[in-house]
Amino acid sequence: MPDLKNIKSALISVFHKEGLDEILNQLHRDGVEFYSTGGTQTFIESLGYPCCPVESLTGYPSILGGRVKTLHPKIFGGILNRREHAGDQAQIGQYEIPEIDLVIVDLYPFRETVASGASEEEIIEKIDIGGISLIRAAAKNFQDVVIVASQAQYAALSQMLAKQGASSTLAERKEFAKEAFAVSSGYDSAIFNYFDQNEGSHFRQAFDNAETLRYGENPHQKGVFYGDWSELFDKIQGKEISYNNLLDIHSAVDLISEFDELTFAVLKHNNACGIASRPTVKDAWEAALAGDPVSAFGGVLICNAPIDAAAAEAINRIFFEIIVAPAYDPEAVEILSQKKNRILLVQKQSPKATVQFRSLLNGVLLQDKDLSVQTEMDLKIVTSQSPNKQEITDLLFANKLVKHTKSNAIVLAKNKQLCAGGVGQTSRVDALKQAIEKARSFGFDLQGAVMASDAFFPFPDCVEIAHEAGITAVVQPGGSIKDNLSVEYCNQNNMSMVMTGVRHFKH
């Protein structure tokens, strides 16, 4: 390799030492000189390798409680000097600055300290100064220096050393520099967001762990997922998860999180085509499937209770792409694994995000996540007739569901089961007509069913159509200047209506 540069010296100062011993062994074997500080120096010497303390190089001890250790011209000059630049070489010779060819450094665990609920004083002390400066300096001078900026890069460094000894190519150094700037930018984003305290003065987000997908929404589009998938799920088996799968899984997880009672849902294109709450998983599955057995084909299934063998036998009769549950009985895994491409996911926890953002136009749109959940106490009865106990249960069920349905949305429900939804229509009337027609096509009796709307009714036409179909109770946010027209129609036709005061548009 004609562009190889030898590594003759290394500055090593890390918080995480797991996996470092093999790298030190490889470097020492090739005669690399070590410089270090504090605990890392002690660690290197404990392995029997000679190590020059940074203090002996700079002439200064670690000061200010460890805040200043490596911030010195003899350190940064050794990193930043350009090996092919005559002026740089003359100056490092004049000031007796040794060249540093490899920097291995990581950063104080700032995010982890914030997440732990530590005091502000403890958090501020975890803002790394020396480490971030070393990373930027070494990455800037990638023409001559290798920078390893996190424990995640130990494996790549070890592989390089095993392949060609203590040396690197320009392409390798540039790759390490790229990863280093990813580390530093992500770290600074976390610090900014701590100080911003959700004020939204600037938009700074950073996600690691890029996973290239088969394609994006369509085969001609590139797709990548950034984030730690393994925090939320364990994958038991199945094919590679696609871009569209991720969108459906996200919608499914958000929907099922609304329900405490045992509930099973089937989703297609981010909307529920079937959902029901029942005493057993098998019963809940069969009731959910009845909501739309046609759309369930190739869908995404989710349940908030462990899947047992009886339920698995019933579920296994149809083709579906993904099932998500908190656990599976061994017999259920055996049954559901019969189709090798079928994706089985164990959901370990729910996403913790409280904000949502998306790119559009030439910027980013950000909002608080819709975490508003209505209870019976939030239902304001606005009609002379009050809903009965079963209707209240169904109204709350339908209202949770319409919140997670693309607008304009209407949901029809009965006995804690989705009868049908009108999804993503430009007219609320069209959404209702779609729901009624669909419910009837699958044999649902809408007499005594309830209706939920994601937004107010500007005219009484929806309650008129609902009444003719057999709907007896309605939940909507209210807020129209003509609310009274819908209320009056309900009063004249023995329908009950409740208002929540909370709109649930979803686009």
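A brief look at the structure comes next. Please read all numbers here as calculations on a predicted model, not as lab measurements. (Residues numbered from 1 in each chain as written. Predicted model: local features only at pLDDT ≥ 70, side-chain atom pairs only at ≥ 80, totals over all residues. Heavy atoms only, no water.)

The next point concerns the packing of aromatic side chains. Here the structure, examined in full by the defined rule, presents eleven aromatic pairs. On the numbers, 6.3 Å between centres and 65 degrees between planes, the contact of Phe34 with Tyr49 is edge-to-face. Placement of Phe34 in strand β3 (residues 33–36) and of Tyr49 in the loop between α2 (38–46) and β4 (52–53) is noted, with a sequence separation of 15 residues between them. The exposure class assigned to Tyr49 is buried, which follows from its relative accessible area of 12%. On the basis of an interplanar angle of 90 degrees and a centroid distance of 6.5 Å, the ring pair of Phe225 and Trp229 is categorised as edge-to-face. Phe225 gets classed as partly exposed once you look at its relative accessible area, which sits at 25%. (Phe/Tyr/Trp six-rings, centres within 6.5 Å; stacked < 30°, edge-to-face > 60°. Helix = DSSP H or I, 4+ residues; strand = E, 2+ residues; numbered from the N terminus. Buried < 20%, exposed > 50% of the residue type's maximum accessible area, 1.4 Å probe, protein only.)

Before going further, it helps to spend a moment on the pattern of salt bridges. Inspection of every chain in the model, using the stated rule, returns 17 salt bridges. Between Glu84 and Lys5 there is a salt bridge whose closest N-O contact spans 3.7 Å. Of the two residues, Glu84 sits in the loop between α4 (73–80) and α5 (86–94) while Lys5 sits in strand β1 (residues 5–6), which places them 79 residues apart along the sequence. Using a relative accessible area of 70% as the deciding quantity, one classes Glu84 as exposed. For Lys239, the salt bridge identified is with Glu321, shortest N-O distance 3.8 Å. Of the two residues, Lys239 is situated in the loop between β10 (233–237) and α11 (243–256) and Glu321 in strand β14 (residues 320–325); the sequence distance between them amounts to 82 residues. Judged by its relative accessible area of 26%, Lys239 is partly exposed. Taking relative accessible area as the criterion, Glu321 reaches 23% and is therefore assigned partly exposed. Taken together, the salt bridges that share partners define one network made up of Lys8, Arg83, Glu99 and Asp101. (Salt bridge = Lys/Arg side-chain N within 4 Å of Asp/Glu carboxyl O.)

The analysis is restricted to geometry; functional conclusions fall outside its scope.
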